[in-house]
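# Chains, contacts and geometry: an overview
What follows is each chain in one-letter form.
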Amino acid sequence: MGKRDYSPFGADAKRAVDSGLTAAEWYHTDVPRKVMKDLMARSDGPAIRDTILLYGLMLAFAAGGIATWGSLWTIPFWLAYGVLYGSASDSRWHECGHGTAFRTPWMNNAVYQISSFMIMRNPATWRWSHARHHSETYLVGRDPEIAVMRPTEMGKILLNFFGILDVLNFFPTLVRNALAGPTPEERTFVPESDWSKVRRAAQVHLAIYLGTGAIAVATGSILPLMVIGLPRIYGAWHHVMTGLLQHGGLADNVIDHRLNSRTVYMNPISRFIYWNMNYHVEHHMFPMVPYHALPRLHAAIKDDLPAPNTSIAAGFAEMWPALKRQMRYEDFFVKRDLPPTAKPYREDFHHYVPGMMPANPAE
Amino acid sequence: MPWIDACATDDIDQEDLIRFDHAGATYAIYHGVDGQFYATAGMCTHEHVHLCDGLVMDFTIECPKHNGQFDYRTGEAKRAPVCVNLKTFPVRVEGSRVLVEVA
C-alpha cells in the first residue's frame, strides 16, 4: 500500500468507500444469545460507585494540593489529581458516550458532558467521531480517531504523553467551533442536525476557560489553572499510555478486530482509571457490553482471540518496536498468533481492497 | 398486504427479540415487557447492522454497534446516532403463532 493518506477527502478514504470496505461485515466471535444478553445488561450500581470514588478522590486531591500550595508537599497531590482529571476523564467520556456505563440515560449524559470538558473534546463532535471509529476502525482516511498514523512520528507521540499537541490543536478548534460550528473535516461525520450543538458546547467550554484564565490573572496565580485546564497536560500520560496500546502497531484496513485491537491485562489502579478498556478487542467486537462486564466477556471469548499481553510493559514491548519499524516501513504490522481453539483470521479480509494490503505484510 | 407466520410465541423471551427473514427482507420481532408482540425493520437506520443482536430494555431496542435507540412500538428514533425512525409492521397472535403483516 505504501504511503497512506489519512485525509477524509483523500484517495484512501475514497478507495475504502468505492471498494465496499466501509460497508463490509466485521468478524464476531459467536456468543450464545442468552450469554450476550446477560453481558449487555445495564445497571447503575458499578458506575455510581466508581463515579463517587473518582470525584471524591479528585476533590480530596485538589483540596490537598491547594492546602499545600507553595510547598513541595503539593506535588503528589497534583500528580494524583492530574491523572484523574487528564486521564480518567478519557475513559469516562468513552464509556458514557457509548451509553453503557449507567443504565439511567441522564447519568450517562451528565458524566459524558463533564468528562468531555476535562479531556478537551467537543461533546457533540466526538460522539460522532467515535461512532465512525467503531464502524470503520482503523480504515485509513475514514476513522477520525487513528492515534498513530504511519509513518510513525515518535516526536508527536512523546509530546502527547503531556497532551501538548492535543491541547495545541484543541484551542484553535474550540474557538473555530464556537464561532462557526464544525470544521469541514468534522462535517464529514457530524450530521447537520448537530452542528448547532457543536457550536453551543464550544461556547460553553470557551467561557469556562476564559473565566478560569481571568481568575488566574486577577489573583496572580496559576492555581486556578492547576484545577481546570492544566491537568489535561500534566495528567495526560496515563490515558496516552493505555490509549496507544489499543491499536498501536497492529493492522489497518482490516475488518477483524483481532487484527487491529489489543487486549492487555493491567493492574487494578490502571483498570480503574481506564474503566476496563484494556479489554479492547472485546470492546470493539461487542461495544454494547458495559465496562464492568468486560472481564466476563473476556472469559467467554478469549479462546477465539490472540493471547492478551500480560502487562502494560509487555504490551509496550510488543508495540514500541512495531511503531519504530513503521517509521520506515509503513506496511509493517504485528500479527499475533491465534490459539488452536480460535477461528482463523479471515485472510480475505486483509485483501478485501485490492492493492491495499501487501501479500505478506507481517514479519 | 399478506400476514406471514413469523415464529412461535415461545420463540422469543419476554423483553427480547429475534430476527425474521422473509422474501429478501429482514425484520425484528419483539416480545415486549407488556407481553405483546411487535415487529420492525430488522436493520438499524444508521448503518447496516442487524438489530437482532441488540439489547431490549423496556420498550427500547438498542443497536449493537453504536447504541442508537428506537422505541420498537412506534419506531421512533430516541438516541443518536440514529436520526431516522424505524419502520414498524402490524403483528397479531393466533394461538401460539406470531403473524406479521409485511410490506
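Residues numbered from 1 in each chain as written. Chains lettered and ligands numbered in written order. Predicted model: local features only at pLDDT ≥ 70, side-chain atom pairs only at ≥ 80, totals over all residues. Heavy atoms only, no water.

Our next topic: the sheet that holds strand β1 (residues 3–8) of chain B. All names here are of chain B. Sheet architecture is open: three strands sit in the order β1-β11-β10, paired in antiparallel fashion. Only two strands of the sheet have a single neighbouring strand rather than two, namely β1 and β10 (91–94). Within the sheet, the average angular offset between the axes of one strand and its neighbour, ignoring direction, is 30°. With four bridges connecting them, β10 and strand β11 (residues 97–101) associate as antiparallel partners. (Pairing = 2+ DSSP bridges. Helix = DSSP H or I, 4+ residues; strand = E, 2+ residues; numbered from the N terminus. Axes fitted to C-alpha atoms, helices over the stretch in contact; angles between N-to-C directions.)

With that out of the way, let us pick up the packing of helix α3 (residues 45–67) of chain A against helix α4 (residues 74–98) of chain A. Residues and elements named next belong to chain A. Two numbers describe how α3 lies on α4: the axes approach to 8 Å, and their chain directions differ by 150°. With respect to their mutual orientation, α3 and α4 come out roughly antiparallel. Note that α3 runs across α4; the crossing there is left-handed. Between α3 and α4, the contacting residues are Asp50, Leu54, Leu57, Met58, Phe61, Ala62, Gly64, Gly65 and Ile66 on the first element and Thr74, Phe77, Trp78, Ala80, Tyr81, Leu84, Tyr85, Ala88 and Arg92 on the second. Among the residues making up the contact of α3 with α4, the classes are represented as 13 nonpolar, three polar and two charged. (Parallel < 35°, antiparallel > 145°, perpendicular 65-115°, else oblique. Left-handed = near helix turned anticlockwise from the far one by under 90°. Contact = heavy atoms within 4.5 Å. Nonpolar A, V, L, I, M, F, W, Y, C, P; charged D, E, K, R; others polar.)

Turning our eyes to something else, we now look at the packing of aromatic side chains. The way to describe two aromatic rings as a pair is by their centre distance and the angle between their planes. Residues and elements named next belong to chain A. By the definition in use, this model includes 15 aromatic pairs over all chains. Ring centres of Trp275 and Tyr291 lie 4.1 Å apart, and the angle between their planes is 10°; this geometry places the pair in the stacked category. Here the residue Trp275 occupies a position in the loop between α14 (268–274) and α15 (280–285), and Tyr291 occupies one in the loop between α15 and α16 (294–301), the gap between them amounting to 16 residues. Just as Trp275 is buried, Tyr291 falls in that class too. (Phe/Tyr/Trp six-rings, centres within 6.5 Å; stacked < 30°, edge-to-face > 60°. Buried < 20%, exposed > 50% of the residue type's maximum accessible area, 1.4 Å probe, protein only.)

Below, the discussion takes up the packing of α3(A) against helix α5 (residues 105–119) of chain A. Residues and elements named next belong to chain A. Running from N to C, α3 and α5 point in directions that differ by 35°, and their axes come no closer than 12 Å. α5 is crossed by α3, and the crossing has left-handed handedness. In this structure, α3 contributes Ile48, Thr51, Tyr55 and Met58 to the contact, and α5 contributes Met107, Val111, Ile114, Ser115 and Met118. Broken down by class, the residue content of the contact of α3 with α5 amounts to seven nonpolar, two polar and no charged.

With 95% of its residues at a pLDDT of at least 70, chain A reaches an overall mean of 93. Note that pLDDT drops below 50 for residues 352–363 of chain A; the model gives that stretch 31 contacts with residues more than four away or on any other chain. (pLDDT = per-residue confidence, 0-100.)

Quick look at the interface of chain B and chain A now. Tallying the contact residues gives 23 residues for chain B and 20 residues for chain A. Across the interface of chain B and chain A, roughly 1700 Å² is buried in total on both sides, 46% from carbon and sulfur atoms. Counting the contacts that link chain B with chain A gives five salt bridges. Note that A:Lys37 is salt-bridged to B:Asp16, the shortest N-O span being 3.5 Å. Joining chain B to chain A, the criterion identifies 13 residue pairs in polar contact (both at pLDDT 80 or more). Put simply, the parts of the chain that give the side of chain B that touches chain A at least two residues each are β2 (16–22) and β5 (55–57) of chain B. Of the residues in the side of chain B that touches chain A, the class split is nine nonpolar, five polar and nine charged. (Buried area = accessible area lost by both parts, 1.4 Å probe. Salt bridge = Lys/Arg side-chain N within 4 Å of Asp/Glu carboxyl O. Polar contact = N/O pair within 3.5 Å; in protein donor to acceptor, adjacent residues only side chain to side chain.)

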